[in-house]
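Structural overview
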Amino acid sequence: MTEVPHMPSFGVRLRNNFLTGLIICAPIAITIWLTWTFIRWADSWVKPLIPARYSPENYLTFAVPGFGLLVAVVLITIVGFLGKNLIGRTIVEAGESVLDRMPLVRSIYKGLKQIFETVLRERTNSFKKVGMIEYPSPGLWSLVFIATDAQGEIATRFSDRGMEMAAVFLPPTPVPTAGFLIFVEKKKIMQLDMSTEDAAKLLISGGLVTPKWSPKQIPAPPSISAA
């Protein structure tokens, strides 16, 4: 006798439909909300600095979202363009000399400038690789973003001990923006093929969203023909 397929109840089907809709709508809604919040935050900082005669809201009956963000992007690009020529470099150096005379401001400015220069200079390598290290104890593995090789005094101190170190960023779940800076021996880092975006999805989802992966095909060695 053939078994009659069991049909789920109306409540089960209603719940499944709701969960499916939630999976579709939630990422879209959150993305729109984050984008809109960022635009409003940028506008709140830039719009008060724009003269009224240059603001489109002075001539329109409705607000123009994103205008402040657009102005900020244009100004930053112009500053970068001017900073590349002789006159711009002179102005920047004069401003830095003024900041260098301020005790507290000097430390903050130099630290932030060094961070941005390092990140932008090494943007092709920094945080582009994902790996795993044994943390917090042997046998337990954690996902990390590989930042860069150890440099300066830290690299020298470890080099004297015969250790080649790398700086890695250990993010927590489910907020990968915070975390810990850890120096690990390179040989103790298990590098992965996954991208940083896939690793972030894995962390945010708490391990529920696993990226697709297929092992790389290793070409077979050429056969040696008989003499």
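Just so it is clear, the model here is predicted, and its values are computed rather than measured. (Residues numbered from 1 in each chain as written. Predicted model: local features only at pLDDT ≥ 70, side-chain atom pairs only at ≥ 80, totals over all residues. Heavy atoms only, no water.)

Notes on the overall build of the chain
Of the regular secondary structure elements, the chain holds six helices and five strands. Reading the chain from its N terminus to its C terminus gives the helix and strand order α-α-α-α-β-β-α-β-β-β-α. A buried classification covers 19% of the 227 residues belonging to the chain. Total accessible area computed for the chain in this model is approximately 18,500 Å², and 68% of it derives from carbon and sulfur atoms. (Helix = DSSP H or I, 4+ residues; strand = E, 2+ residues; numbered from the N terminus. Buried < 20%, exposed > 50% of the residue type's maximum accessible area, 1.4 Å probe, protein only. Areas by Shrake-Rupley, 256 points an atom, 1.4 Å probe, with all protein chains shown as cover.)

Looking at the packing of aromatic side chains
Applying the stated criterion across every chain yields a total of two aromatic pairs. Measuring from ring centre to ring centre gives 6.3 Å for W41 and W45, while their planes differ by 55°; the resulting arrangement is tilted. Of the two residues, W41 and W45 both sit in helix α1 (residues 10-46), four residues apart, roughly one turn of that helix. Clustering of aromatic rings is evident, with ring pairs tying together F38, W41 and W45. (Phe/Tyr/Trp six-rings, centres within 6.5 Å; stacked < 30°, edge-to-face > 60°.)

Here we look at the environment of G68
Within the secondary structure, G68 is located in helix α2 (residues 67-82). Exposure remark for G68: the relative accessible area of 0% places this residue in the buried category. Separated by 28 residues in sequence, G68 and R40 have C-alpha atoms that sit 8.6 Å apart. Residues in contact with G68, not counting those within four places in the same chain, are D43, V46 and K47. (Contact = heavy atoms within 4.5 Å.)

Overview of the sheet that holds strand β2 (residues 141-149)
Reading across the sheet, the five strands line up as β4-β3-β2-β1-β5 and stay open at both edges, with antiparallel pairing between neighbours. Taken across any chain shown, the strands that pair with only one partner, and hence form the sheet edges, are β4 (180-185) and β5 (190-192). Sheet twist, expressed as the mean angle between neighbouring strand axes with direction ignored, is 45°. Taken together, the four bridges between β2 and strand β3 (residues 165-170) define a ladder with antiparallel strand orientation. Considered in β3, the bridge of I146 is made with V168. (Pairing = 2+ DSSP bridges. Axes fitted to C-alpha atoms, helices over the stretch in contact; angles between N-to-C directions.)

Considerations on a nonpolar patch on the surface
On the surface, a nonpolar cluster with roughly 570 Å² of combined accessible area is contributed by L70, V74, L75, I78, F81 and L82. By the secondary structure assignment, V74 is in helix α2. (Patch = residues over 30% accessible without salt bridge, like charges linked within 9 Å, V, L, I, M, F, W, Y side chains within 5 Å. Salt bridge = Lys/Arg side-chain N within 4 Å of Asp/Glu carboxyl O.)

A closer look at the pairing of β2
The pairing of strand β1 (residues 129-134) with β2 spans six bridges and is classified as antiparallel. Bridge pairing in β2 links V130 to F145. What sits between β1 and β2 in their antiparallel hairpin is a turn of six residues, with G139 showing a positive phi close to 95°.

Some thoughts on the confidence of the model for the chain
On average, the chain scores 79 in pLDDT, and the residues at 70 or more come to 85%. β5 holds the highest mean pLDDT among the elements of the chain, 93, whereas helix α4 (residues 103-121) holds the lowest, 70. (pLDDT = per-residue confidence, 0-100.)

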